[in-house]
Amino acid sequence: QKEVEQNSGPLSVPEGAIASLNCTYSDRGSQSFFWYRQYSGKSPELIMSIYSNGDKEDGRFTAQLNKASQYVSLLIRDSQPSDSATYLCAVKHPGNTPLVFGKGTRLSVIA
Amino acid sequence: DTGVSQNPRHKITKRGQNVTFRCDPISEHNRLYWYRQTLGQGPEFLTYFQNEAQLEKSRLLSDRFSAERPKGSFSTLEIQRTEQGDSAMYLCASSRMAGGGANTEAFFGQGTRLTVV
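Residues numbered from 1 in each chain as written. Chains lettered and ligands numbered in written order. Predicted model: local features only at pLDDT ≥ 70, side-chain atom pairs only at ≥ 80, totals over all residues. Heavy atoms only, no water.

Participant: Help me out: how do you make sense of the layout of surface pockets in this one?
Facilitator: If you roll a probe as big as a water molecule over the atoms, it shows you where there is empty space left. By volume, the largest pocket amounts to about 780 Å³. Along the lines of polarity and charge, the residues of the lining of the largest pocket split into nine nonpolar, nine polar and eight charged. Of the pockets and cavities examined, the second largest pocket occupies roughly 530 Å³. Lining the second largest pocket are 23 residues, and of these Gln38(A), Thr86(A), Gln37(B), Leu39(B) and Gly40(B) sit closest to its centre. Elements supplying a minimum of two residues to the lining of the second largest pocket: strand E9 (85-92) and strand E11 (105-110) of chain A together with strand E9 (88-95) of chain B. Here the lining of the second largest pocket takes three residues from E9(A), the largest share from any one element. Looking at the lining of the second largest pocket, its residues break down into six nonpolar, 13 polar and four charged. (1 Å grid on protein atoms, 1.4 Å probe; cavity = no way out; pocket = protein on both sides within 12 Å on 5 of 7 lines; lining within 4 Å. Points joined across faces, edges and corners; volume = space filled by probe spheres on them. Nonpolar A, V, L, I, M, F, W, Y, C, P; charged D, E, K, R; others polar. Helix = DSSP H or I, 4+ residues; strand = E, 2+ residues; numbered from the N terminus.)

Printed below as a string of structure tokens:
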């Protein structure tokens, strides 16, 4: 069973709309959650981290965490064509453990 | 440039040859990770160091793969007797362990794209 699940997409949204990306994880002990953006052929770029339940906002990005439901999401407001990329959800368990990644969701923002 | 640096950026090798990749982490980051990524997949964990100690190695990792981090600074990943299935992007990331053992954010290098022909 995969530890981190994401819908592979593609998710298509019109320019200016809100893009909603979702991620579920299997280990209830997970403590740290990250969203990375990856453009085609490039390496992942960290865009958000969230450690406690609730919302965390940074510019046009909002990360939402619900540990009871084992669910983390990323909202992108006022989506731009330059937001078109694959978004990777990563989860970390406590202690000396590595980040575990989902397969990523491909987002396409249509101008 | 204070980011994670990986060399080479691209490597083409013939099947059966050995290859070695290098990663220089962000200075003062004591944790260093190696991941592998193929098309359409998320990064797959390979191995992980805290300072010079290799703390974990994926059980999916073949014995042909070995990694070192002498003196807790840069790291090398060697693949012996390469196979076509080894073709992938090899990613290195580093992070700093905060107080209480909490892990801070991990940042990736640009990756090394390996093609085995």
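Okay, back to it.
Participant: I would appreciate a short explanation of the pattern of salt bridges in the present structure.
Facilitator: Where charged atoms of side chains with opposite charge meet at close range, the side chains can pair. Residues and elements named next belong to chain B. Tallied over the full model, the rule gives seven salt bridges over all chains. Taking the shortest distance from any N to any O, the salt bridge between arginine 22 and aspartate 24 comes out at 2.7 Å. One salt bridge in this structure joins aspartate 86 and arginine 64, with 2.8 Å as the shortest N-O distance. In this pair, aspartate 86 sits in the loop between strand E8 (75-79) and E9 while arginine 64 sits in the loop between strand E6 (53-57) and strand E7 (65-68), placing the two residues 22 residues apart along the sequence. (Salt bridge = Lys/Arg side-chain N within 4 Å of Asp/Glu carboxyl O.)

Participant: Mind showing me how you'd approach the environment of Gly16(A) here?
Facilitator: All names here are of chain A. Note on placement: glycine 16 falls in the loop between strand E2 (11-14) and strand E3 (19-25). Taking the relative accessible area as the measure of exposure, glycine 16 reaches 41% and is therefore partly exposed. Taking the C-alpha atoms as reference points, glycine 16 and aspartate 78, separated by 62 residues in sequence, lie 4.0 Å from one another. In this structure glycine 16 touches Asp78 and Ser79, once residues within four positions along its chain are discounted. (Buried < 20%, exposed > 50% of the residue type's maximum accessible area, 1.4 Å probe, protein only. Contact = heavy atoms within 4.5 Å.)

Participant: For this particular structure, what's the right way to read the environment of Ser73(A)?
Facilitator: All names here are of chain A. For serine 73, the position within the fold is in strand E8 (residues 71-76). Given a relative accessible area of 1%, serine 73 falls into the buried group. Sequence separation of serine 73 and lysine 42 is 31 residues, and the distance between their C-alpha atoms is 23 Å.

Participant: I would appreciate a short explanation of the state of the cysteines in the present structure.
Facilitator: What is meant by a disulfide is a covalent connection between two cysteines, made through their sulfur atoms. Residue and element names in this part refer to chain A. One pass over the full model with this rule turns up two disulfides over all chains. Residue cysteine 23 pairs covalently with cysteine 89 via a disulfide, S to S 2.1 Å. With the S-S dihedral at roughly -70°, the linkage between cysteine 23 and cysteine 89 falls on the left-handed side. One end of the pair, cysteine 23, is in strand E3; the other, cysteine 89, is in strand E9, with 66 residues separating them in the sequence. Taking the relative accessible area as the measure of exposure, cysteine 23 reaches 1% and is therefore buried. Owing to a relative accessible area of 0%, cysteine 89 belongs among the buried residues under this scheme. (Disulfide = S-S within 2.5 Å.)

Participant: Could you clarify how one ought to interpret the sheet that holds strand E1 (residues 5-7) of chain B in this entry?
Facilitator: The strands making up a sheet associate through hydrogen bonds between their backbones, and the pairing can be parallel or antiparallel. Residues and elements named next belong to chain B. Across the sheet, which stays open at both edges, the four strands sit in the order E1-E3-E8-E7 with antiparallel pairing between neighbours. Unpaired on one side and paired on the other, E1 and E7 mark the two borders of the sheet. Mean inter-strand twist for the sheet, computed between neighbouring axes without regard to direction, equals 15°. One ladder, built from four bridges, connects E7 with E8; its direction is antiparallel. The partner of glutamate 68 across the bridge, within E8, is threonine 76. (Pairing = 2+ DSSP bridges. Axes fitted to C-alpha atoms, helices over the stretch in contact; angles between N-to-C directions.)

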